[in-house]
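This is what each chain is made of:
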Amino acid sequence: MIAEVIINITAKRLQKTFSYIVPEELFVRVGTRVLVPFGHRREEGVIVALHPADSVQHDYVLKPISSVLSVQTGFQEEMIATALWISDYYLCSMSDSLRLFMIEKKGIVAHTYVTVENRDMLLQLNGKNIWEYLENKKNEEKKILCNQFGQAFIEKLIEKHALKEEKQLQNKIADKTEKWLYFVDDDCQSILKNRKKQMHLLAELKENGPAPLSFWIQKGYSRDIIQHLVQTKLAAIDIRLKQTVDLTEKEAADKPWQLTPEQEHAVTVIKNDTKGSTYVLHGVTGSGKTEIYMDLAEQVIARGRQVIVLVPEIALTGQIVRRFIRRFGNDIVVMHSQLSKGERQNNWLRMQKEESHICIGARSAVFTAVSNLGLVIVDEAHDSSYKQDETPRYHAVAVARKRASYYRCPVILGSATPSLDSYYRAQKGEYVLLELSRRVQNKPLPDVRVVDMREELARGNRSVISDALATLLDQTLACRQQAIILLNRRGFSTFVMCRKCGYVVKCKTCDVAMVYHKSQHNLRCHYCDTEIPVPVVCPSCGSKYIKFFGTGTEKVEEQLHDRYPQARIIRLDQDTTGRKNSGDKIIEAFRRHEYDILLGTQMVAKGHDFPEVSAVGILSADSLLNLPVYWAGERTFQLLTQAAGRSGRGNVPGHVVMQTYAPEHYVIQCSKYQDYKSFYEKEISYRQELLYPPFHQIVKITVTYEDESFMWKAGNRIFDLLAAWRLRYDQNIEIIGPYVDTIKKIRNKFRIIVLIKGADLVKIKKYIKEEAEFHKTGIIIDVDPSI
DNA sequence: AGCACGCCGACT
DNA sequence: GTCGGCGTGCTC
C-alpha cells in the first residue's frame, strides 16, 4: 500500500502531500498519525489517503513509514475530508487545517541526549566531573547538562568528540491518568477485625463503586489507610484515564415546563429531518431556545448519536452550559479555554470513544472528534466570535455545516438576530426558517426609548447620561431592580490632545491614538497593549495644555458613582476581566444581585439571562454604525437588539434608553421595535444594490511588513497577478486595491489590503491556492472576512 | 519549517 | 585560500 501523508509542520510553502510505502506489519488507515522520514530528519504526518502500490507511478524512490505514532488520537475519515475542504475553501495549508482537529499540535517532541564518546579525551579536557556525572546515568538530556556545566563547555567537548549527542524523538501524545481504588472482595472479617477505618472504606467502596484516590482522600481516608487496605488485596488500585466531569448524577430537577406550541413545532420539524438541513431558529430574546436545544439533544442521544453545541466564548461558563450539565451529567464534555492540555485530550478521547455524547464549547469545539454526529447546535449563531481571526480564518458555522453534511444530520443556527447571510439563505430555501415570535409565558418585549443626544446638548445637558436615562436609572434603583449600561469603548478618555498645537498622543508602534486609563493612570494602546506614563507637557510643543477627550467605560463608572453613591456598580470589559476569563465571576455576582448596575462594553449584551434587570442604557448607539465597513448596520442592529433584550426577562417589564445622534436611522428605528424583518428588508436591498455579501463573496488579502516600500512592492505584485488572472479568465470579478488599511500600522508593521469581490470566486481561489506568491510570510488571506 | 547548496565579499 | 552571509530549492 501507498499512503499519502500531510507533514505536520507549519510551512506556508509546503502545500502538498508526500507518498510513503506502508510496511506490511503496520496497521494504518486514513487519519492515522505516523512518523515518516522527511529529508534528513523525521517528522510527524497524517495519512489522508491510501491506495494500492501499483496504482500510481512515481519518478522518485518511495521511503517507508517509520512507525505509527498513535492510533488512539488519529482522525475519522470525515475529519480528514473536512480538513481538506477547509484548506481549499479558506486557502490555508493542509497542515494548518489538520491541526485544528488536534489537541497536541505536534505528536512528537525531540530531545537531545548526551553520552560519553571518548573517556580519555573527556578527562584530558578537564571533564572529570562530567565523567562522574554520566558514569552511572549513562546519558543525560543536553539541556540539563548545559545548565549544569555551561553550554559553551559542553559544545566544545562534543566538537572534540569527547562527548556524543544523539537526537531522540518522543511520542508526545500521552494520555492523562489517575489512580482509582476499586473493590475486589469482602470475605474479610478476620483480616480487618481491628481495623475500623479500613472496614468502613471497604464497605463504602463496595456500595458506591470505584472512584479516584483523590475522592477517597477528600472523604477523610488517609493515603496510609488506602495503602493498608490495598495490601490486604481486598481492594486494588488501577490507572484510568482522568475524568474531567465529576461523577455527580444528573439532576432531573431542570425538567422543562410544557413547550409552547411554537417550540413544539420547531422540535417536531427538526426531529423529522432526514436530509441534514440547516435550520435558522429565529427567536426573539427570551423565547426559550435552550429548551428546544435540550429536547432535541436528548432525542439524538437516545438514538446513540452525538451532539456538538457551540456557544460564544463569553457564554461558556454561563447559564446555558450549566443547564446542559444539569440535564445530561456525565454524558457531556465541556471544552473551555482554561482546561489543561491533558484535560482537553481526555475530553477529546471521551467523545471519540463515544463515552460522552455531547460536547459543548466555543468556536474550536466544532472540531470535536465525533464518530457518529447527529446534531450541531450553534447558539447565538450571529456572534462574531465564530469567525477565527487568525489563520486558518474559518467560520465555525461553515465548518459545522460541512461536518453535518457528511453525517446527513441537521444544524441549528439559533439567534434573536440571525446573520443577514443565514436569513437570506433561508429566504432562498437553502436553509429552513423556524420562527419563535413570542417570549415564554408571553412576557412583553421591552419598551425602548430613543434619545437624540443633539437635543440633549441643546438643552444644556453635557453629560454622557441623558435625562431620560437618568430618570430610568432613578426609578430602577428605587425599585431595587438592576440596570445594564452599554458603552462600546473601554478606558477613561479615548484620546489625549494638546490644546495648543493639536498634537494627539499616538502609540510608538501602531498608528492609533492612545487611550487614557485612570485606574492605572497611564496611556494604553488597544492594539499592542503598550503602556506609557501620562505626559505632563505636550511631547511636541512643550505646552502644559494637555487635555483628555472622549468617554470610555471608566469615566462613565466614575460619573455613575458620583450620581448614585449608594448604588453598587461593577464594570465588565477587557480591563476588569483580565486575561483569565474572570468575566463570568462578574456576571454571576451581578446575577445574584450583588451589584445594582452592570456597566461595560459589548460583553454585557451577549446572551446572558438576568431576571432582575429591568433597565438597559445604550450610551452611544451609533458608535459602530459609522465605521466604514459594509456590515456596520448589521453589527449595530445585532448589538442594540441583543442589549435591549437583556431587560425584562423576569417579572418586571423592561425599559431601554438608546442614546444616539441619528435617531431616524433605520438601524436605530428597527432595533427600537425589535423589528428584525424590516431591518432585514432594508439591509438586504442595500447589500444587493452595492453587491456586498451575501450577493458577492469577498476574499481579503492583507500585506504586512515592517519595510513600507517592500510592502508596497509585494502588494502591487499581488494585485498585478490577480488583475492579470482576471483579465484572462473572468472579468466579472473585481480586484480592488492595494489600499492602506484603516489602521496603517500595527506593532511596527505597515498594512495594506487587496480585495477580491465577485459572485463566484471558486476559480480564482483555486489559482491563489496554487500560486506560491500568495503563501509567503507577511501575506494574510481571509475568505469571507468579517472585518 | 529546516537544512544543504552555492554564490559572493571580507578576512587570517 | 577560507569563513560566513543569505538567496534558492528540496523534502516522498
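Source: prediction; values computed, not measured. Sequence order as written defines the numbering, with residues in each chain counted from 1. Each chain takes a letter, starting from A, and each ligand takes a number, starting from 1, following the order in which they are written. Where local features are concerned, this predicted model is filtered to residues with pLDDT of at least 70; where side-chain atom pairs are given and counted, the filter is 80 or more; whole-chain, interface and lining totals use all residues. Hydrogen atoms and water are omitted, and side-chain values are computed over all heavy atoms in the structure.

## Observations concerning the pattern of salt bridges
Alright, step 1. When a carboxyl oxygen of Asp or Glu is within 4 Å of a side-chain nitrogen of Lys or Arg, the pair counts as a salt bridge. Applying the stated criterion to the full structure yields 42 salt bridges.
Alright, step 2. Between Arg-401 and Glu-430 there is a salt bridge; the shortest N-O distance is 3.7 Å. Here Arg-401 is found in helix H14 (residues 396-407), whereas its partner Glu-430 is found in the loop between helix H15 (420-428) and strand S19 (432-436), with 29 residues between them in sequence.
Alright, step 3. Asp-575 serves as the salt-bridge partner of Arg-490, at 2.9 Å between the closest nitrogen and oxygen. Placement of the pair is Arg-490 in the loop between strand S21 (482-486) and strand S22 (495-498) and Asp-575 in helix H19 (residues 574-577), with a sequence separation of 85 residues. By the criteria applied, helices consist of DSSP H or I runs no shorter than four residues and strands consist of E runs no shorter than two, each listed in order from the N terminus.

## Some remarks on the domain arrangement of chain A
Alright, step 1. These domain limits were set by an automatic method or by a database of domain assignments. According to the domain assignment, chain A contains domain 1 (2-107), domain 2 (109-171), domain 3 (177-241), domain 4 (261-436), domain 5 (447-492 + 550-688) and domain 6 (697-783).
Alright, step 2. The centre of domain 1, based on its C-alpha atoms, is set 46 Å off from the matching centre of domain 3.

## Here's the deal with the sheet that holds strand S9 (residues 163-171)
Alright, step 1. At least two bridges found by DSSP between two strands is the condition for calling them paired. Pairing is antiparallel across the open sheet formed by three strands, whose spatial order is S8-S7-S9. Either end of the sheet is taken by a strand with one partner, and the two such strands are strand S8 (140-141) and S9.
Alright, step 2. Relative to S9, strand S7 (residues 108-116) runs antiparallel, the two being bridged by nine bridges. Within S9, the residue paired with His-111 across the bridge is Gln-168.

## Looking at the pairing of strand S13 (residues 278-283)
In regular strands, side chains alternate between the two faces of the sheet.
Alright, step 1. Under the scheme applied here, a residue whose accessible area is under 20% of the maximum for its type counts as buried, over 50% as exposed, and between as partly exposed, the area being computed with a 1.4 Å probe on protein chains only. When you tally the buried positions in S13, you get six out of six residues, the bulk of the element.
Alright, step 2. Both faces of S13 are covered, namely the face carrying Thr-278, Val-280 and His-282 and the face carrying Tyr-279, Leu-281 and Gly-283.
Alright, step 3. Two strands pair when backbone bridges link them, and S13 and strand S18 (residues 411-415) are joined in this way by five bridges, in the parallel orientation. Opposite His-282, over in S18, you have Ser-415 as the bridge partner.

## So, the layout of surface pockets
Vacant regions in the atomic arrangement are exposed by a probe of water-molecule size rolled over the atoms.
Alright, step 1. For cavity detection a 1 Å grid was placed over the protein atoms alone, and a set of points counts as a cavity when a 1.4 Å probe fits there but cannot get out; an open set counts as a pocket when protein lies on both sides within 12 Å along at least five of seven lines, with lining residues being those that have an atom within 4 Å of a point. Grid points are joined across faces, edges and corners, and a volume is the space filled by probe spheres set on the points. Of the pockets and cavities examined, the second largest pocket occupies roughly 1,400 Å³.
Alright, step 2. Elements with a contribution of two residues or more to the lining of the second largest pocket: helix H1 (77-89), H14, H15, helix H21 (632-644), strand S31 (697-705) and helix H25 (762-770).
Alright, step 3. Considering each element in turn, the lining of the second largest pocket owes the most residues, six residues, to H15.

## A closer look at the protein's contact with DNA strand C
Alright, step 1. Among the 13 residues in the neighbourhood of DNA strand C, the closest are listed as Ser-19, Pro-37, Gly-39, Tyr-60 and Lys-63.
Alright, step 2. Sugar and phosphate atoms constitute 42% of the interface atoms of DNA strand C, taking the interface as everything within 4 Å of the protein.
Alright, step 3. N or O atoms within 3.5 Å of each other form a polar contact, as long as, within protein, one can give a hydrogen and the other can take it, and as long as residues adjacent in sequence are counted only when both atoms are side-chain atoms. Residue Pro-37 places a main-chain N or O atom 3.1 Å away from a phosphate oxygen belonging to DNA strand C.
Alright, step 4. A distance of 2.8 Å is found between a sugar or linking oxygen of DNA strand C and a backbone nitrogen or oxygen belonging to Gly-39. The nearness test applies per residue and asks whether one of its heavy atoms lies within 4 Å of the molecule or strand.

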